[in-house]
4 protein chains.
Amino acid sequence: MFMLGNFLTLSTFGESHGPAFGGIISNFPAGLKVDFDEIQYQLDRRKPAQSKIVTQRKESDIVKFLSGIFEGKTLGTPIGFIIENENQKSKDYEHLKSVYRPSHADFTYDQKFGIRDYRGGGKSSARETVNWVVAGALAKQILPKNVKINAYVSSVGEIFCEKPYQSLDFSKIESYEIRCPDEETAKKMISKIKKIKKDGNTIGGTITCVIKNLPIGIGEPIFGKLQAELAKAMLSINAVKGFEYGSGFCGAKMTGKEHNDIFNEDFSTKTNLSGGILGGISNGTDVYFRIAFKPVATILQPQKSVDKFGKSVVVEGKGRHDACVLPRAVPIVENLAAFVLADLFLINEVRRKAQDKND
Amino acid sequence: MFMLGNFLTLSTFGESHGPAFGGIISNFPAGLKVDFDEIQYQLDRRKPAQSKIVTQRKESDIVKFLSGIFEGKTLGTPIGFIIENENQKSKDYEHLKSVYRPSHADFTYDQKFGIRDYRGGGKSSARETVNWVVAGALAKQILPKNVKINAYVSSVGEIFCEKPYQSLDFSKIESYEIRCPDEETAKKMISKIKKIKKDGNTIGGTITCVIKNLPIGIGEPIFGKLQAELAKAMLSINAVKGFEYGSGFCGAKMTGKEHNDIFNEDFSTKTNLSGGILGGISNGTDVYFRIAFKPVATILQPQKSVDKFGKSVVVEGKGRHDACVLPRAVPIVENLAAFVLADLFLINEVRRKAQDKND
Amino acid sequence: MFMLGNFLTLSTFGESHGPAFGGIISNFPAGLKVDFDEIQYQLDRRKPAQSKIVTQRKESDIVKFLSGIFEGKTLGTPIGFIIENENQKSKDYEHLKSVYRPSHADFTYDQKFGIRDYRGGGKSSARETVNWVVAGALAKQILPKNVKINAYVSSVGEIFCEKPYQSLDFSKIESYEIRCPDEETAKKMISKIKKIKKDGNTIGGTITCVIKNLPIGIGEPIFGKLQAELAKAMLSINAVKGFEYGSGFCGAKMTGKEHNDIFNEDFSTKTNLSGGILGGISNGTDVYFRIAFKPVATILQPQKSVDKFGKSVVVEGKGRHDACVLPRAVPIVENLAAFVLADLFLINEVRRKAQDKND
Amino acid sequence: MFMLGNFLTLSTFGESHGPAFGGIISNFPAGLKVDFDEIQYQLDRRKPAQSKIVTQRKESDIVKFLSGIFEGKTLGTPIGFIIENENQKSKDYEHLKSVYRPSHADFTYDQKFGIRDYRGGGKSSARETVNWVVAGALAKQILPKNVKINAYVSSVGEIFCEKPYQSLDFSKIESYEIRCPDEETAKKMISKIKKIKKDGNTIGGTITCVIKNLPIGIGEPIFGKLQAELAKAMLSINAVKGFEYGSGFCGAKMTGKEHNDIFNEDFSTKTNLSGGILGGISNGTDVYFRIAFKPVATILQPQKSVDKFGKSVVVEGKGRHDACVLPRAVPIVENLAAFVLADLFLINEVRRKAQDKND
């Protein structure tokens with residue numbers, strides 16, 4: 001209950017200022033040679049202080065695997081891992097104990113649980129996503145090698161990457177610290193973020209994710225539709241306010257005649273407004289989706305707020321926060337998608353295997 | 001696995017041309033006096049042929065409860081129900097046996113399962129939602145009586161209801177067959193649909209759903225966030241291509257300073273760009289979201305397609321289909337949302353009850 | 001939650017005097033040609049009035065499949081089914097409304113739910129097992145054809161079948177209405193039950209179940225051990241008070257030297273005190289277990305009891321009840337075991353399939 | 001999937017010679033003041049080398065909580081914990097790499113997964129139960145304080161504690177290193193184990209567990225019966241071969257007239273052959289069950305076996321192993337039972353809460 005995945009599952013724990021984050025991955029297949037460098041690489045892409053436009057907070061974010069891997073291969077048994085928090089005791093958070101910061105989870109946690117870890121984000125910290133990157137980077141290794149999952153920043157504020165994803169060169173995503181592969185747009189975005197940062201403000205944006213070469217048949221008909229599983233995962237990321245796939249909200253303006261994807265004789269389609277999914281099941285064309293991130297709530301400006309007694313207070317973010325979370329969210333989106341796909345991929349294997357038996 | 005809900009769960013079955021749809025609701029609380037009229041009323045709102053702008057197919061859609069309710073009250077045991085299909089044998093579907101209709105699930109089902117019920121939509125039929133309406137209309141009765149869930153059609157094609165939901169009179173939603181409470185917009189939408197229908201074409205649109213008076217504390221911190229559970233449920237509806245809540249995709253264009261909802265001294269907020277959810281948990285203000293529906297794939301015009309052997313064919317929808325599924329989708333959205341809320345509400349009750357004990 | 005199975009799942013519903021029992025089987029593999037006769041045969045073995053030593057109540061117990069099967073083959077989509085109750089309104093149960101029968105669930109249901117269906121067993125009726133037989137008889141068809149699951153009555157009261165299962169001829173189980181394959185023991189058991197029945201009394205007994213040719217590798221290491229899944233399923237049968245497998249309670253008297261199963265060079269073992277399971281996983285030898293059934297609580301003699309107000313009453317079973325439930329429980333045990341095995345078999349297929357990929 | 005519990009869940013990880021064991025407890029109620037001493041006390045009761053009749057292996061077994069607890073109270077968020085393994089690298093296990101020890105899981109793990117951690121027990125090690133003790137000792141704190149869970153060794157080999165549990169003084173369980181509260185029996189058991197140990201042999205036995213003051217209503221009607229959940233948990237312990245509750249296997253020899261528990265006017269019963277559970281739900285009287293442990297498979301004598309190539313080998317246990325696992329299993333049984341009860345207790349709270357609403 002309340003895990004990521006249905007067969008391949010991830011349970012997680014961790015508060016931002018506790019000793020560690022971590023998780024357990026269950027039902028991971030046995031005998032897979034783990035590419036540890038890939039996992040660490042994904043963690044590094046998510047890490048703070050990797051470039052000038054993200055938070056300068058220092059965390060080394062090294063994952064330690066505690067079980068389920070032996071002599072470099074998966075055992076088929078639960079994979080436990082932790083990522084230790086560093087310097088978690090160094091700050092004094094007493095002043096946040098009874099303050100409710102605007103658009104943070106302080107108020108709702110207190111109301112729901114009657115208690116909260118008030119040190120930084122506590123449980124509501126986006127640092128939780130460090131767990132997802134580990135699990136997703138590992139799960140990706142279950143998928144056929146030709147499956148390619150690429151996410152990129154498709155807008156920052158009002159600056160949009162207007163080109164369709166088909167005309168972008170994904171090999172350039174890492175070339176710009178904003179992780180938008182279009183040079184001109186990337187530069188505009190970076191300069192926008194620098195300005196926003198100087199103001200002590202923050203800004204939102206969108207990420208587009210494209211999955212190529214996904215086998216046909218991934219996703220389940222009713223309550224395990226591929227798009228529903230992806231949406232659920234993406235809406236679990238703290239700042240995400242929306243999800244659309246294929247034609248998305250634009251599709252709602254169209255007529256059936258315009259929207260239908262006509263088949264070619266090899267079962268590919270002339271268009272792909274469906275976003276690679278029909279009836280909840282992948283059809284072999286590109287799966288693509290776009291998600292909206294609101295601006296980070298912590299701003300380095302004074303804001304009016306209240307404390308837990310309903311008394312007016314002024315809060316002001318201090319220290320090293322992201323002015324724009326988008327570049328660091330790119331690996332989160334990719335690896336989270338990988339986990340969702342690996343789960344549904346394994347489930348689909350049962351269906352296929354059972355069919356083999358009938359032949 | 002692959003059910004709706006986490007504690008309060010719905011499992012369903014049914015193909016469009018089999019004998020019946022139906023489901024089992026588990027962990028429904030005992031001793032609740034069931035309002036059967038409300039359930040049938042919601043089914044009637046979803047029913048075909050209820051107005052001139054929807055399909056004229058005839059189905060009476062009467063639910064039969066087979067267990068879990070005794071002398072008008074719930075027993076606390078699983079609630080089994082069925083909705084019989086009518087005239088399911090009347091048509092000849094042989095001609096669809098090997099045809100893949102554009103933007104339908106024919107191809108993906110065949111590829112995934114190696115077999116499909118080719119009569120009409122089979123398992124991929126939107127008639128599945130009849131189960132969700134029954135379960136949701138029942139689940140709604142678990143929620144505190146003052147919780148109000150209202151959905152309405154907020155756009156059809158390019159016609160948008162420009163007024164914010166706060167200025168609409170929800171008591172007028174049922175006044176127009178399109179289920180948009182703004183008279184002027186409703187009329188435009190209806191005339192648009194009539195035109196589209198005459199052309200044998202179909203059209204998409206959006207539905208906005210507003211939940212008022214939801215208690216604080218609904219939703220779970222990490223993998224059971226309220227928005228994620230809602231998104232997953234909504235993306236399970238066949239034609240849905242997108243979900244956004246609160247500021248949604250617009251929020252991605254904003255800065256933190258603009259987007260943050262400033263607290264009043266009574267813990268209400270001056271704005272509600274958060275959409276009533278902070279950290280995945282309801283904060284007592286309105287929860288609202290918007291979902292995009294693509295146009296129905298079946299159009300009454302000839303379209304090129306292929307059969308299962310990859311041979312070119314021409315398909316043409318016949319008979320009684322929806323030119324715009326939006327008005328009938330309104331009760332689906334509302335009742336599906338109700339089920340999601342009731343599930344998370346019960347889960348939150350455990351947490352609260354356990355806290356009481358500690359006092 | 002609270003279903004049978006982990007991947008292949010069964011949800012059920014039904015009260016003894018409601019309109020029907022039924023269930024939904026999810027994640028059943030697609031494309032399997034269903035042997036309907038086998039399912040009905042198993043239902044007939046469980047049916048009342050099949051012989052003189054069981055209840056003479058008449059129920060035809062015909063299963064109707066409502067979805068998931070098309071042209072005789074499984075679709076891979078949820079399989080819904082119902083078994084209608086007959087004559088469920090014929091009796092007057094008013095007199096049971098406030099009476100708590102000894103060793104029945106009347107009292108605990110009332111306390112837990114604050115309400116109960118007092119007509120006969122209501123939800124606590126063993127008629128629920130009709131669902132399990134349908135699901136199990138279907139699930140058995142997923143298993144490799146050479147897997148053989150045989151249960152038999154190994155004791156009635158103090159009468160034990162002293163021969164080890166290896167020396168019994170399972171083809172004779174159906175030869176005697178008591179379903180013990182040893183003629184001499186069977187006759188003693190039958191005559192004992194006839195005597196008990198004449199007295200208006202009831203009697204307990206044990207069933208032994210033997211699974212041959214189960215593939216190696218079925219069962220999961222920690223919380224999905226094969227023996228734990230079997231135990232849980234068996235303890236779900238109303239009258240079951242105990243479960244043991246392999247050496248069972250006798251094994252608790254032994255030393256390690258006596259108990260260890262020494263390997264042959266072909267990995268078979270010289271003895272099988274382990275009961276075919278090591279570390280929760282099948283090892284290719286016979287899996288066998290034994291379960292204890294208490295005597296049926298309803299006796300046709302007056303017994304002192306209380307009503308819901310705590311007032312003394314006298315209750316006396318009337319009509320047609322089983323004096324010994326064991327012969328009818330044999331198919332329940334076999335088919336329930338089949339479901340457990342099919343679930344774990346499918347889960348193991350994922351693991352194997354995933355390994356293939358690595359080769 | 002494959003966790004302990006249904007609402008309150010425990011996921012675990014760990015191999016005997018990896019860096020650590022650990023787990024995540026989800027849905028634990030918020031605001032509970034944790035009694036850490038109690039948890040460590042239970043770990044100490046399970047620890048090796050606590051007395052002369054158990055293994056002299058040294059492990060300090062200190063639990064570290066990594067999340068979910070703040071300033072001594074539970075946060076309502078997932079509780080992560082680890083227990084580090086000590087000296088896990090000190091031994092050379094190369095010689096076990098290709099050997100299959102009799103009645104160990106070496107063979108089945110290799111067959112199922114195609115790989116295994118051959119260092120000691122690896123994943124199949126009973127050290128996994130250290131996780132269960134932590135989780136159970138914490139879960140017990142959710143239950144009403146007057147609920148008492150006491151387990152004791154009721155037999156070792158052929159030596160039985162003949163007295164019924166009602167006549168035993170549970171406060172003496174800890175008085176004897178064997179954890180049988182009857183002095184005379186305890187002494188016989190201890191001397192038996194000493195003899196067995198000297199022989200390099202091992203011996204089995206049974207544990208009886210008694211739960212007093214459990215509230216009425218715990219357990220669910222069909223697939224979550226209290227006895228089924230307890231059986232599943234107990235059969236998850238490595239060496240357990242059988243489970244019986246109430247009258248158990250003896251009940252199978254009785255008639256209904258003898259077995260029925262007659263109500264008193266206060267709803268207590270004159271006898272308790274039911275074992276405190278009716279229809280899967282606790283009835284307020286003592287819940288008691290008995291479980292059978294086979295002798296430990298590792299004996300300090302040479303035994304014939306095979307290696308993975310099917311070649312004959314001789315294996316001989318070395319070092320510090322338990323001659324009788326029973327005394328150390330007592331806290332495992334108690335704390336595992338506590339977890340099962342706490343899970344079902346929380347689930348029952350929802351049902352009750354919903355009823356309150358109706359009043």
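In the block above lies the structure referred to throughout.
What comes next is a walk through the structure. (Residues numbered from 1 in each chain as written. Chains lettered and ligands numbered in written order. Predicted model: local features only at pLDDT ≥ 70, side-chain atom pairs only at ≥ 80, totals over all residues. Heavy atoms only, no water.)

Describing the pattern of salt bridges
The test is simple: Salt-bridge detection follows one rule: a side-chain nitrogen of Lys or Arg within 4 Å of a carboxyl oxygen of Asp or Glu. By definition, any uninterrupted DSSP run of H or I lasting at least four residues is a helix, any uninterrupted run of E lasting at least two residues is a strand, and each is numbered from the N terminus. Summary of the burial criterion: residues with accessible area below 20% of their type's maximum are buried, those above 50% are exposed, and those between are partly exposed, where the area comes from a 1.4 Å probe applied to protein chains only.
Counted under the stated rule, the structure contains 95 salt bridges over all chains. For Glu84(A), the salt bridge is made with Lys64(A), and the minimal N-O distance between the two is 3.0 Å. Residue Glu84(A) is found in strand β6 (residues 79-84), and its partner Lys64(A) is found in strand β3 (residues 63-65); the two are separated by 20 residues along the sequence. Judged by its relative accessible area of 38%, Glu84(A) falls in the partly exposed class. With a closest N to O distance of 2.8 Å, Glu334(D) and Arg45(D) form a salt bridge. Remark: Arg45(D) occurs in helix α1 (residues 36-46) and Glu334(D) occurs in helix α8 (residues 326-358); sequence separation between them is 289 residues. Residue Glu334(D) shares its accessibility class with Arg45(D), and that shared class is buried.

Overview of the interface of chain B and chain A
For clarity, the threshold we go by: Residues count as neighbours in contact if any of their non-hydrogen atoms are within 4.5 Å of one another. Simply put, the buried area is the total loss of 1.4 Å probe accessible area from both parts when two parts are fitted together.
Each partner contributes residues to the interface: chain B has 108 residues there, and chain A has 108 residues. Summing both partners gives a buried area of about 8600 Å² for chain B against chain A, and 65% of it is carried by carbon and sulfur. When the area that chain B buries against chain A is broken down by residue, the three leading residues are Lys112(B), Phe223(B) and Lys241(B), summing to 11%. Taken together, the connections running from chain B to chain A amount to four salt bridges.

Here we look at the interface of chain A and chain D
Interface size is commonly expressed as the accessible area that is lost once the parts come together. Selection criterion: Between N or O atoms, a polar contact is any pair within 3.5 Å; within protein, one atom must be a potential hydrogen donor and the other a potential acceptor, and residues adjacent in sequence are included only when both atoms are from side chains.
Chain A puts 39 residues into the contact, and the matching count from chain D is 39 residues. Together, the buried faces of chain A and chain D total about 3100 Å²; carbon and sulfur atoms form 71% of this surface. Our count for the contact surface shared by chain A and chain D stands at zero salt bridges. On inspection of chain A and its partner chain D, the count reaches six residue pairs in polar contact (both at pLDDT 80 or more). For the side of chain A that touches chain D, the secondary structure elements donating two or more residues are β1 (9-13), β2 (20-26), β5 (73-74), β6 and α2 (106-113) of chain A.

Quick word on the sheet that holds strand β3 (residues 63-65) of chain B
All names here are of chain B. Just so we agree on the cut-off: The rule for pairing is simple: two strands pair if DSSP sees at least two bridges between them. Only the contacting stretch of a helix is used when fitting its axis, a line to C-alpha atoms as for every element, and angles between N-to-C directions run 0 to 180 degrees.
Read across the sheet, four strands follow the order β1-β2-β6-β3 without closing on themselves; strand pairing throughout is antiparallel. Of all the strands in the sheet, just β1 (9-13) and β3 have a single pairing partner and so form its edges. Each strand axis lies, on average, 20° off the axis of its neighbour in the sheet, ignoring direction. Pairing between strand β2 (residues 20-26) and strand β6 (residues 79-84): six bridges, direction antiparallel. Along β6, the bridge assignment pairs Ile24 with Gly80.

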